[in-house]
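Residue-level structural notes
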Amino acid sequence: MILKTALKLIREDGLEKLTMRRLADALGVATMATYRHFKNRDELVLGIVDEVCRIRTVHRPPADATWQEQLRSQANHAFETFVQYRGLPAYIIKYGPHTKYGLQVIDSWLGILLKAGFRADESVYIFQSICMMLASAVEFSTESDESIWTYINFDKIDPIDLEELPAAKESIRYFEHSRRSIIEWHLDMLIRSLEHQLDQHRSAKKAAKP
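Small disclaimer: the values here were computed from a predicted structure and weren't measured. (Residues numbered from 1 in each chain as written. Predicted model: local features only at pLDDT ≥ 70, side-chain atom pairs only at ≥ 80, totals over all residues. Heavy atoms only, no water.)

**Digging into the overall build of the protein chain**
Rules: Counting from the N terminus, the helices are the DSSP runs of H or I reaching at least four residues and the strands are the DSSP runs of E reaching at least two. Our radius of gyration looks at C-alpha atoms and nothing else; its globule reference is 2.2 Å times the residue count to the power 0.38. The buried label goes to any residue with under 20% of its type's maximum accessible area, the exposed label to any with over 50%, and the partly exposed label to all in between, with areas taken from a 1.4 Å probe on protein chains only. Any two residues having at least one pair of non-hydrogen atoms within 4.5 Å are treated as being in contact. Residue exposure ignores everything except the shown protein chains as possible cover, and the areas themselves are Shrake-Rupley values with a 1.4 Å probe. Neither His nor the chain termini are counted; the positive set is Lys and Arg, and the negative set is Asp and Glu. Each charge is placed at NZ for Lys, CZ for Arg, CG for Asp and CD for Glu.
For the protein chain, the count of helices and strands is 11 helices and 0 strands. Its helices and strands taken in sequence order, the protein chain reads α-α-α-α-α-α-α-α-α-α-α from the N to the C terminus. A compact globule built from 210 residues would reach a C-alpha radius of gyration of about 17 Å, whereas the protein chain, at 21 Å, exceeds it by more than 25%. Counting only C-alpha atoms, the protein chain reaches 70 × 65 × 25 Å along its principal axes. Counting over 210 residues, the protein chain shows a buried share of 38%. Partitioning the intrachain contacts of the protein chain with sequence separation of at least 6 by distance along the chain shows that 67% fall at a separation of at least 24. When the accessible surface of the protein chain is summed, it comes to about 13100 Å², and 55% of that surface belongs to carbon and sulfur atoms. Averaging the coordinates of the 28 positive side-chain charges in the protein chain and doing the same for the 29 negative ones gives two points 8 Å apart.

**Topic: the confidence of the model for the protein chain**
Stated precisely, the cut-off is as follows: Scored between 0 and 100, pLDDT is the confidence that the predictor attaches to each residue.
Looking at the protein chain, pLDDT values average 87 and 93% of them are 70 or higher. Mean pLDDT across the secondary structure elements of the protein chain bottoms out at helix α9 (residues 159-163), with 76, and peaks at helix α7 (residues 100-116), with 95.

**Focus: the packing of aromatic side chains**
What counts here: Each aromatic pair joins two rings of Phe, Tyr and Trp (for Trp, the six-membered one) with centres within 6.5 Å, and gets the label stacked for planes under 30 degrees apart, edge-to-face for over 60, and tilted for any other angle.
Under the counting rule described, the total for this entry stands at 3 aromatic pairs. Relative to Phe127, the ring of Trp109 has its centre 6.0 Å away and its plane inclined at 50°; by these criteria the two rings are tilted. On the criterion of sequence distance, the pair formed by Trp109 in helix α7 and Phe127 in helix α8 (residues 120-142) is long-range, its members being 18 residues apart.

**Some thoughts on the environment of Ser136**
Positionally, Ser136 belongs in helix α8. Taking the C-alpha atoms as reference points, Ser136 and Ala90, 46 residues apart in sequence, are found 8.0 Å from one another.

**What to know about α7**
Structurally, the α-helix is built with 3.6 residues per turn, so residues lying three or four positions apart point the same way. Just so we agree on the cut-off: One fewer than the residue count of a helix, multiplied by 1.5 Å, yields its expected span. Along the arc lie the directions from the helix axis toward the C-beta atoms.
The terminal C-alpha atoms of α7, which comprises 17 residues, lie 25 Å apart, in line with the 24 Å expected from a rise of 1.5 Å per residue. Along α7, the positions that sit buried rather than exposed are Gly102, Val105, Ile106, Trp109, Leu110, Ile112, Leu113 and Ala116. Along the long axis of α7, the arc covered by the buried residues comes to 150°, so they all point the same way. Facing away from the buried side of α7 by more than 90 degrees, the exposed set consists of Lys100, Asp107 and Lys115. Gly117 occupies a position one or two residues after α7 and carries a positive phi of about 120°.

**Overview of the packing of helix α5 (residues 67-82) against helix α11 (residues 179-208)**
For the record, the criterion: Only the stretch in contact is used when fitting a helix axis, every axis being a line fitted to C-alpha atoms; angles between N-to-C directions are given from 0 to 180 degrees. Note that the term roughly parallel is reserved for angles under 35 degrees, roughly antiparallel for angles over 145, roughly perpendicular for angles of 65 to 115, and oblique for everything else. Throughout, a crossing is termed right-handed when the near helix is turned clockwise from the far one, and left-handed when it is turned anticlockwise from it by less than a right angle. Residues are grouped as follows: Ala, Val, Leu, Ile, Met, Phe, Trp, Tyr, Cys and Pro are nonpolar; Asp, Glu, Lys and Arg are charged; all remaining types, including Gly, are polar.
It is the contact of α5 with α11, at a shortest axis distance of 11 Å, that shows an interaxial angle of 150°. Classified by the angle between their axes, α5 and α11 sit roughly antiparallel to one another. Where α5 crosses over α11, the handedness of that crossing is right-handed. Contacts between α5 and α11 pair Trp67, Gln68, Leu71, Arg72, Ala75, Asn76, Phe79 and Glu80 from the former with Arg179, Arg180, Ile183, Glu184, Leu187, Asp188, Ile191, Leu194, Glu195 and Leu198 from the latter. In terms of residue class, the contact of α5 with α11 is built from 9 nonpolar, 2 polar and 7 charged.

**Section: the pattern of salt bridges**
To keep it simple, the criterion reads: Salt bridges are defined as contacts in which a side-chain nitrogen from Lys or Arg sits within 4 Å of a carboxyl oxygen from Asp or Glu.
Scanning the model with the defined rule gives 7 salt bridges in all. The partner of Asp13 in a salt bridge is Arg22, with the nearest N and O atoms 2.4 Å apart. Where Asp121 meets Arg119, a salt bridge forms, and the shortest distance between an N and an O atom there is 3.1 Å. A relative accessible area of 37% means that Asp121 is categorised as partly exposed. A residue is classified by how much of its surface remains accessible, and Arg119, at 46% relative accessible area, is partly exposed. Ionic contacts of the salt-bridge type, sharing partners, join the residues Arg119, Asp121 and Glu122 into one network.

**Here's the deal with the nonpolar core**
Formally: For this analysis, a nonpolar core means a set of buried residues of the types Ala, Val, Leu, Ile, Met, Phe, Trp, Tyr and Cys, connected via side-chain atoms within 4.5 Å.
With 47 residues, the main nonpolar core has Leu18, Ile48, Trp67 and Leu88 as its most contacted residues. Of all elements in the fold, only α1 (2-13), α2 (20-27), α4 (41-58), α5, α6 (88-95), α7, α8 and α11 reach the threshold of two or more residues within this core. Those residues in contact with Leu18 that sit more than four places away from it in its chain are Ala6, Leu9, Ile10, Leu23, Arg41, Leu44 and Ile48.

**Some points on the packing of α1 against α4**
The N-to-C vectors of α1 and α4 enclose an angle of 90°; their axes lie 10 Å apart at closest approach. Comparing the axis directions of α1 and α4 gives the class roughly perpendicular. On the side of α1, the interface is formed by Ile2, Leu3, Ala6, Leu7 and Ile10, while α4 contributes Leu44, Gly47, Ile48, Glu51 and Val52. A breakdown of the residues in the contact of α1 with α4 according to their chemical character gives 8 nonpolar, 1 polar and 1 charged.

This is the structure we're talking about:
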C-alpha cells in the first residue's frame with residue numbers, strides 16, 4: 001500500500017516532491033507510521049526503484065526475436081514505464097538500481113548483448129549508453145508536451161532572423177517531431193553502429209584462424 005501510494009504521488013508531482021509527510025497524508029496515517037516500514041526517505045525511494053524494476057522484469061521480449069528486436073523492445077518498454085515517474089530515472093542513473101529487481105533488469109539487458117556476441121565490457125558500455133539516452137528522453141518528455149518535442153517556439157520566431165541563419169532555416173521544419181520518433185532514431189543509429197562492430201569482431205576472428 002505504501003509503495004503503491006508513493007508511485008501515485010510521483011506520477012502526479014514527480015520524485016522531488018515526495019516526502020514522508022506527504023506520503024503519510026495520502027495514506028491517512030501519522031507520519032511516524034510510515035517510518036515503521038521505511039526508516040527514511042532514501043530507503044523508501046530504494047523500495048520504489050525496486051517496485052518499478054519489478055514491473056520491468058515482467059516484460060520479456062520474445063525468445064526467438066533477434067537481438068536488435070529485443071533491444072528495441074526493452075528500450076520501448078523502459079521508456080513507457082519510466083516516463084510515468086518524473087525524477088526516478090535520473091535518481092537511478094545517479095545512484096544505481098542496487099535492488100533485487102534492479103539487478104535483474106541489468107542482467108536481462110546484458111544477457112541480450114552477450115548472446116548477440118558482444119564482449120562483457122562492450123555490453124556494459126552499450127547498456128549504460130542506452131540508459132543515459134532513455135533517462136534523458138524521459139526527463140525531457142515529462143517536462144514538455146506528451147506528443148511534441150521541440151526546441152523552438154515557432155510563434156516567437158521572427159522570419160527576418162531566419163534569413164541570417166541558413167542552416168536553421170533549412171532544418172527548422174524537422175524540429176517538431178514525436179518523442180517516439182526521436183527515440184527510434186537514436187536506437188536505429190546505435191543498432192547500426194553495433195551491427196558494424198559485430199561484423200568487425202567476426203572479421204577479426206576469421207583473420208586470426210590458422
